[in-house]
Amino acid sequence: MDKHFIFLFAIRNMTFRKLRAALTIIGMLIGISTIVFLVSFAFGLEKLVKNEISNGNAMQLIDVGTGNSQIVKLNGDAVARIKELSDVKAIESISNVAAMEKTVNKDKPLDLSFFVVSKGYLGLSGYSLKYGSDQSLQKGDGPFPVLINEGLLDELKIEGGQAAIGKRIYLDLIVPKQITGSEPVSLPDLEFEVVGIVDGNSASGVFMHKEFVADIPINNFSKLKVSTISVSNIEAVQKQIEGLGFKTEYVGETVKQVEQVFNLFKIILAGFGTIALVVAGLGMLNTLTISLLERTKEVALLKIIGVKSKDIRHIFLAEAITMGIFGGIIGVAFGYFLSRVTNKVIDAIAVNSGGDPATLFIFPFWFVALVLIFAITTGLLTGFYPAIRASKINPLDVIRYE
Amino acid sequence: MEDKETRKQIELDHVVKVFKSGNTTVRALGGINLKIDQGEFLVLYGPSGCGKSTLLNTLIGIEKPTRGEVWINGTNLYTLKEDDRSEYRASKFGVVYQSQNWIKSLNSKENVALPLVARGVKFREAVDKAEKFMEELKISELLRQTPTQLSGGQQQKLGIARALISNPKIIFADEPTGNLDSKSSNIVIDFLMKINRDMKRTIILITHNPEYWDIGHRKIEMEDGKVIKDVKKNG
């Protein structure tokens with residue numbers, strides 16, 4: 001039988017009983033839009049969290065440390081050994097030094113984090129320069145040039161922005177023994193010049209390049225950042241570094257854990273939506289069964305005219321699938337609309353409270369396609385029973401009854 | 001057993017139909033033997049419950065006989081599977097009932113086109129053919145209306161158009177005038193006679209109305225599931 005007729009017939013039957021079809025489709029719409037709304041929210045949250053964890057090229061980075069080991073040292077020799085490993089692109093280092101600022105508030109000295117970093121460290125760590133220039137980080141005869149974190153400006157009572165460039169700060173440094181490799185060293189009252197302001201995602205601190213610290217005894221590093229040539233072989237590199245006795249951390253592992261948590265979260269949210277969809281499916285089954293009971297005479301007529309049982313089944317399945325398609329498309333569209341509106345409202349509230357707008361809902365194409373397939377499958381499944389029942393109607397029973 | 005080639009258009013060999021309802025057994029057809037020629041106009045009558053409609057349902061392939069064989073154009077009808085019988089029915093038979101059933105979501109010409117669609121003709125093509133056919137039958141005024149909006153007589157005409165659209169060789173009409181006034185009844189009967197005369201279609205008409213018992217080439221009276229009178233008109 002002509003497939004075009006089967007679907008045209010399905011649509012005609014739906015439009016013939018408009019209110020009933022509309023109510024059934026609204027049921028589907030609620031189920032599908034709930035799934036779309038909740039799961040796209042989970043996708044959005046997952047992306048926000050993952051971005052927070054793994055900004056920049058973090059997925060290609062391994063953090064290397066010594067853990068609590070007193071034997072393994074993270075020094076120039078360690079850097080040389082790691083550099084020899086295949087697939088290692090670059091190694092950057094950071095050494096943590098304790099610092100104290102006493103000039104701003106004489107009664108209450110300010111404890112600061114002071115980091116001695118290799119040249120590429122800040123870039124690899126996702127810091128970006130907001131004001132000033134990296135090029136100014138040239139050691140002249142004057143004070144040591146440093147970059148400071150935006151969050152530190154208030155604490156040092158320095159005006160923000162471009163005005164902060166060129167300001168002098170005075171710090172007492174205490175280089176711990178883990179960094180000197182022997183005894184701690186105290187360096188009082190050193191003068192520094194702010195040459196740049198960085199924004200970043202970690203605690204506020206002062207950054208100085210390793211090249212300028214000839215007179216500061218830095219022999220060990222607190223941490224190394226190892227970048228690899230590609231993401232695919234990062235785990236192999238990680239294993240090799242661990243083979244050298246170091247402790248490693250790779251943000252991908254955290255991301256994987258986050259993904260696992262969010263996958264569970266998505267399943268739970270999709271579960272709520274599925275309950276709504278199952279209720280909608282039962283509503284559809286009810287509609288189709290009532291429609292079949294009303295149309296017993298029509299089915300008998302079709303059989304007497306010569307329509308095959310197989311085609312009768314297809315006619316009822318087509319109605320169920322058509323409702324599934326309509327419910328699916330309208331449901332996805334409504335879910336999308338609802339999430340956009342919700343995102344706008346939340347953004348407005350966030351901006352009013354001094355926050356940043358964010359994308360809270362994400363709709364991967366495969367997910368939208370999957371939801372549509374799910375809707376059509378629900379339609380198909382609910383259509384089976386009425387379709388089989390219709391195909392088994394004996395026209396004689398109808399004729400005799402009349 | 002006769003050779004397939006030498007059989008008449010319709011043949012019933014000792015057709016028996018027994019219905020069981022609880023402990024009661026009803027013999028609706030009690031061994032019918034009947035041969036009908038192509039182009040014949042046969043009128044079947046008899047009191048209610050005599051087995052006329054059971055006979056018709058057996059002939060169109062929806063009531064399997066308890067015993068006996070039904071041969072149509074050399075095909076033993078009940079050796080075919082159910083879906084094959086449906087296909088056979090769609091191509092060979094046209095059926096008109098006392099009250100017409102319609103697909104309510106389709107208009108008149110789409111309803112008339114249904115037997116063609118059942119045979120696998122594309123819907124648009126079938127509707128075009130239905131439109132032309134209704135014009136040929138001079139009922140084009142019914143084209144765009146919904147069948148349930150039509151009068152009883154118009155519905156019967158439309159039902160006959162639907163029965164004829166796939167150019168079947170045999171038309172079965174079960175009390176087609178049962179719900180009509182005499183004027184409309186005459187129009188419907190004239191319509192059937194015209195089809196028999198001009199299009200050489202075999203017509204099997206079941207009717208209670210004695211006025212129409214003699215309009216065909218042959219009349220058969222049934223009683224208690226048996227043929228008690230079989231009269232052929234001369235000429």
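Residues numbered from 1 in each chain as written. Chains lettered and ligands numbered in written order. Predicted model: local features only at pLDDT ≥ 70, side-chain atom pairs only at ≥ 80, totals over all residues. Heavy atoms only, no water.

1. A short note on the overall build of chain A
1) Next: Looking only at helices and strands, chain A has 12 helices and 10 strands in total.
2) Next: Summarising the internal contacts of chain A: among those between residues at least 6 apart in sequence, 80% fall at separations of at least 24.
3) Next: Carbon and sulfur atoms make up 60% of the accessible area of chain A, which totals about 19900 Å². (Helix = DSSP H or I, 4+ residues; strand = E, 2+ residues; numbered from the N terminus. Contact = heavy atoms within 4.5 Å. Areas by Shrake-Rupley, 256 points an atom, 1.4 Å probe, with all protein chains shown as cover.)

2. Quick word on the packing of helix 8 (residues 251–294) of chain A against helix 10 (residues 309–352) of chain A
Packed helices, taken two at a time, are described by their axes: the angle between them and the distance between them.
Residue and element names in this part refer to chain A.
1) Next: Relative orientation of the contacting elements helix 8 and helix 10 amounts to 145°, with a least axis distance of 11 Å. Here helix 8 and helix 10 pass one another in a crossing that is right-handed. Across the interface between the two elements, Met284, Thr287, Leu288, Ser291 and Leu292 of helix 8 pack against Phe316, Glu319, Ala320, Met323 and Gly324 of helix 10.
2) Next: A breakdown of the residues in the contact of helix 8 with helix 10 according to their chemical character gives six nonpolar, three polar and one charged. (Axes fitted to C-alpha atoms, helices over the stretch in contact; angles between N-to-C directions. Left-handed = near helix turned anticlockwise from the far one by under 90°. Nonpolar A, V, L, I, M, F, W, Y, C, P; charged D, E, K, R; others polar.)

3. Quick word on the interface of chain A and chain B
Buried accessible area, meaning the area lost when the parts come together, often serves as the stated size of an interface.
1) Next: Each partner contributes residues to the interface: chain A has 26 residues there, and chain B has 29 residues.
2) Next: Applying the counting rule to chain A against chain B returns four salt bridges.
3) Next: The closest approach of N and O atoms between B:Lys122 and A:Asp2, which form a salt bridge, is 3.8 Å.
4) Next: Viewed at the interface, chain B and chain A are joined by nine residue pairs in polar contact (both at pLDDT 80 or more).
5) Next: Elements with a minimum of two residues in the side of chain A that touches chain B: helix 1 (3–16), helix 9 (296–305), helix 10 and helix 12 (395–401) of chain A.
6) Next: The residue inventory of the side of chain A that touches chain B, partitioned by class, reads 13 nonpolar, four polar and nine charged. (Salt bridge = Lys/Arg side-chain N within 4 Å of Asp/Glu carboxyl O. Polar contact = N/O pair within 3.5 Å; in protein donor to acceptor, adjacent residues only side chain to side chain.)

4. Topic: the pairing of strand 2 (residues 88–101) of chain A
Residues and elements named next belong to chain A.
1) Next: Inspection of the sheet shows strand 2 paired to strand 9 (residues 223–228) by six bridges, in the antiparallel sense. Bridge assignment links valine 88 to a residue of strand 9, and that residue is threonine 228.
2) Next: As paired strands, strand 2 and strand 3 (residues 110–117) are joined by eight bridges and run antiparallel to one another. If you follow alanine 98 over to strand 3, its bridge partner there is serine 113.
3) Next: Note: strand 2 against strand 6 (residues 168–175), four bridges, orientation antiparallel. By the bridge assignment for strand 6, methionine 100 is matched with aspartate 172. (Pairing = 2+ DSSP bridges.)

5. Quick word on the pattern of salt bridges
1) Next: Under the definition given, this model contains 25 salt bridges over all chains.
2) Next: For A:Lys303, the salt bridge goes to B:Glu82, with nearest N and O atoms at 3.9 Å. Of this pair, A:Lys303 sits in helix 9 while B:Glu82 sits in helix 2 (residues 82–92), which puts the two residues in different chains.
3) Next: On the accessibility criterion, A:Lys303 (3% relative accessible area) is buried.
4) Next: For B:Glu82, a relative accessible area of 45% corresponds to the partly exposed category.
5) Next: B:Asp198 serves as the salt-bridge partner of B:Lys194, at 3.7 Å between the closest nitrogen and oxygen. With B:Lys194 and B:Asp198 both in helix 6 (residues 182–199), this residue pair falls four residues apart, about one helical turn.
6) Next: The exposure class assigned to B:Lys194 is partly exposed, which follows from its relative accessible area of 44%.
7) Next: Using a relative accessible area of 47% as the deciding quantity, one classes B:Asp198 as partly exposed.
8) Next: If you follow the salt bridges from partner to partner, you end up with A:Glu46, A:Lys50, A:Glu259 and A:Lys266 in one network. (Buried < 20%, exposed > 50% of the residue type's maximum accessible area, 1.4 Å probe, protein only.)

6. Considerations on the UniProt feature "transmembrane region" (unreviewed entry) in chain A
Residue and element names in this part refer to chain A.
1) Next: Here the UniProt feature "transmembrane region" (unreviewed entry) sits at residues 21–45, 267–293, 314–338 and 358–385.
2) Next: For residues 267–293, the helix share is 100%, the strand share is 0%, and the end-to-end C-alpha distance is 37 Å.
3) Next: Secondary structure content for residues 314–338 is 100% helix and 0% strand, and the end C-alpha separation is 35 Å. (UniProt positions renumbered as here; feature names shortened; annotations may be inferred.)

7. A short note on the environment of A:Asn343
All names here are of chain A.
1) Next: Looking at where asparagine 343 falls in the secondary structure, it is placed in helix 10.
2) Next: Measuring from C-alpha to C-alpha, the distance between asparagine 343 and phenylalanine 41 comes to 9.5 Å, with 302 residues separating the pair along the chain.
3) Next: With residues up to four places along the chain from it excluded, the contact list for asparagine 343 reads Ala358, Thr359, Leu360 and Phe361.

8. Details of the sheet that holds strand 5 (residues 75–76) of chain B
Residue and element names in this part refer to chain B.
1) Next: In spatial order, the strands read 2-1-4-5; together these four strands make up an open sheet with antiparallel pairing. Among the strands making up the open sheet, the edge pair consists of strand 2 (24–36) and strand 5.
2) Next: Pairing between strand 1 (residues 10–21) and strand 2: 10 bridges, direction antiparallel. Bridge assignment links phenylalanine 19 to a residue of strand 2, and that residue is valine 26.
3) Next: Against the sheet, helix 1 (residues 52–59) contacts strand 1, strand 2 and strand 4 (67–72), and its axis sits at roughly 120° relative to strand 1.

9. A look at helix 2 of chain B
Along an α-helix, residues three or four apart share an orientation, since each turn contains 3.6 residues.
1) Next: Within the sequence span of helix 2 of chain B, burial applies to B:Arg85, B:Ser86, B:Tyr88, B:Arg89, B:Ala90 and B:Ser91.
2) Next: The inward-facing, buried residues of helix 2 of chain B abut helix 9 of chain A together with strand 4, strand 5, strand 6 (93–96) and helix 3 (108–118) of chain B.

10. Overview of the packing of aromatic side chains
1) Next: Per the stated rule, a full pass over the model turns up 17 aromatic pairs over all chains.
2) Next: Centre to centre, the rings of A:Phe41 and A:Phe361 are 5.4 Å apart; their planes meet at 40°, and the pair counts as tilted. Of this pair, A:Phe41 sits in helix 2 (residues 18–53) while A:Phe361 sits in the loop between helix 10 and helix 11 (365–391); the two residues are 320 residues apart in sequence, bridging distant segments of the chain.
3) Next: What makes A:Phe41 partly exposed here is its relative accessible area of 25%.
4) Next: On the numbers, 3.8 Å between centres and 15° between planes, the contact of B:Tyr45 with B:Trp213 is stacked. (Phe/Tyr/Trp six-rings, centres within 6.5 Å; stacked < 30°, edge-to-face > 60°.)

11. Regarding the confidence of the model for chain A
1) Next: Across chain A, the average pLDDT comes to 84, with 94% of residues at 70 or higher.
2) Next: Mean pLDDT values for the elements of chain A range from 71 in helix 12 of chain A up to 91 in helix 10 of chain A. (pLDDT = per-residue confidence, 0-100.)

12. Focus: the sheet that holds strand 9 (residues 218–223) of chain B
Residue and element names in this part refer to chain B.
1) Next: Within the open sheet, the six strands sit side by side as 6-7-8-3-9-10. Their pairing is mixed. Each end of this open sheet is capped by a strand with a single partner; those strands are strand 6 and strand 10 (226–232). For this sheet, the mean inter-axis angle between neighbouring strands, taken without regard to orientation, is 15°.
2) Next: Pairing geometry for strand 7 (residues 170–174) and strand 8 (residues 202–206), over five bridges, is parallel. Each bridged residue has a counterpart across the sheet, and for aspartate 174 the counterpart in strand 8 is isoleucine 206.

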